[in-house]
Amino acid sequence: MILVTGGAGYIGSHAVLGLRESGQDVVVFDDLVEGHAESVAGVPLVQGSLADRDLIEKTLRDYPVEAVMHFAARCYVGESVTNPAKYYQDNAVGMFQLLEAMRTVGVNKFVFSSTCAVYGTPDQVPITEKCERRPISPYGTTKRFCEEMLEDYCRAYDFAVVALRYFNASGSDPQGRLGEWHNPETHLIPRILRCELSGQTERLQVFGNDYPTPDGTCVRDYIHVTDLAEAHRLALGVMKAGEFQFFNLGTGKGCSVIEVIEAARKVTGAEVPYDVVGRRAGDPPELVAAVDKARDVLGFEASYKDIEETVRHAWNWLKNHPDGYPKA
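In this report, we go over the structure that sits alongside the text. (Residues numbered from 1 in each chain as written. Predicted model: local features only at pLDDT ≥ 70, side-chain atom pairs only at ≥ 80, totals over all residues. Heavy atoms only, no water.)

What follows covers the side chain of His36. Locating His36 in the fold gives a position in the loop between strand 2 (26–30) and strand 3 (45–47). We classify His36 as buried; its relative accessible area is 10%. Apart from the residues lying within four places of it in its own chain, the contact partners of His36 are Ala8, Trp181, Tyr325 and Lys327. (Helix = DSSP H or I, 4+ residues; strand = E, 2+ residues; numbered from the N terminus. Buried < 20%, exposed > 50% of the residue type's maximum accessible area, 1.4 Å probe, protein only. Contact = heavy atoms within 4.5 Å.)

What follows is the structure, given as structure tokens:
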């Protein structure tokens, strides 16, 4: 059985779906602050905080857990700049509590939801795993710190760890069973689409158009959330006791903010009006993954590389769930 922390969140719920479809038994641990119980209906759900070490240990003992997938974290770059304490508490201290509970119970297999934000503003693009980790936001710093913690646990306690540094998670389950819903929403694709759903009463904000990129807007590598779920499943098969392994997860292709807007216009048939505002703190100009290591070692390659298809999947779910997940 796999314990999925943060399994009721956007990426976690898609990972849970992928695990179940591959025949794995799953238990979810989530505080439901940002997650949605409805997204993991039919799966055992323990509602609680990573600050509750006793509850984590109880969950690990009550279920035959063999490995942990850890998604539970705060993930808003801008917020981390204005409120870093929240990120150090929830991301770093929270994971420490989880690892210690695992060590007490005797579970040592761990898949970590990391991020390309650990690289900061890279010296080269595409970004390889050999690039130096120099985060420029507290969010990225906490994720780097967590990676370093995991390296130490591998050396000292024989943990088997795979850290997945993924780029911009996007899209929704192609069959429309799951989607993305945050309040507030900061991710570009759902922000665009929710502006359209609001009946044009909201205008999209584009954060900066003076970056050193072809059209002046930030360039990102948008990886489909279903592909991310598959990569997490594959990670379970390459774990080695005492080893810390890490992989970039992306498509290897970058899209600018303007290109994403154009894709949304094609998918929705709407104009998608926007206003250019100042840059957002903590945003590098360009983040695109080198994908060779994930392909050669993990056996992973993105299936969804067309940004228009990714936007279409997100749009299909949002059209049917304009108010997000239904509440029980």
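What follows concerns the pairing of strand 6 (residues 160–166). If a strand is regular, its side chains alternate between the two faces of the sheet. Counted residue by residue, strand 6 has seven buried out of seven residues, so it is predominantly covered. Residues Ala160, Val162, Leu164 and Tyr166 point to one face of strand 6 and Val161, Ala163 and Arg165 to the other, with burial holding for every one of them. For strand 5 (residues 109–115) and strand 6, the ladder comprises seven bridges, and the chain directions are parallel. Note on strand 6: the bridge partner recorded for Phe110 is Val161. Handedness of the crossover joining strand 5 and strand 6 through helix 5 (residues 138–157): right-handed. For strand 6 and strand 11 (residues 244–249), the ladder comprises six bridges, and the chain directions are parallel. The residue of strand 11 that forms the bridge with Arg165 is Asn248. (Pairing = 2+ DSSP bridges. Right-handed = clockwise from strand over helix to strand, strands pointing away.)

Of the positions making up helix 2 (residues 53–62), those classed as buried are Ile56, Glu57, Thr59 and Leu60. Projected onto a plane normal to the axis of helix 2, the buried residues spread over an arc of 160 degrees and lie on a single side. Away from the buried face of helix 2 by more than 90 degrees, exposed residues Asp54 and Arg61 are located. Where the residues of helix 2 are buried, they touch strand 1 (2–5), strand 2, strand 3, strand 4 (67–70) and helix 4 (84–105). (Arc of directions from axis to C-beta.)

Right, let's talk about the packing of aromatic side chains for a bit. For any pair of aromatic rings, geometry is given as the distance between the ring centres together with the angle between the planes. With the rule as written, the count across this model stands at six aromatic pairs. Measuring from centroid to centroid gives 5.5 Å for Tyr153 and Phe159, while their planes differ by 80 degrees, and the two rings are edge-to-face. With relative accessibility at 7%, the residue Tyr153 sits in the buried group. Relative accessible area serves as the criterion here: at 2%, Phe159 is assigned to the buried category. Its end group placed over the ring of Tyr157, Arg103 keeps NZ or CZ at 4.0 Å from the ring centre. The ring of Phe246 has Lys293 sitting right over it, with the charged end atom 3.9 Å from the ring centre. (Phe/Tyr/Trp six-rings, centres within 6.5 Å; stacked < 30°, edge-to-face > 60°. Lys NZ or Arg CZ within 6 Å of the ring centre and 35° of its normal.)

Below, the discussion takes up the side chain of His232. Its location among the elements puts His232 in helix 7 (residues 225–235). Using a relative accessible area of 1% as the deciding quantity, one classes His232 as buried. Beyond its immediate stretch of four places on either side in the chain, His232 contacts Met69, Phe71, Val111, Leu164 and Tyr166.

Moving on to the state of the cysteines. Scanning the entire structure with this criterion turns up zero disulfides. We note that Cys75 lacks a disulfide partner, and the nearest cysteine sulfur, in Cys116, lies 12 Å from it. Looking at Cys146, it has no disulfide partner, and the nearest cysteine sulfur is the one in Cys75, 13 Å off. Cys146 sits in the buried class, given a relative accessible area of 2%. (Disulfide = S-S within 2.5 Å.)

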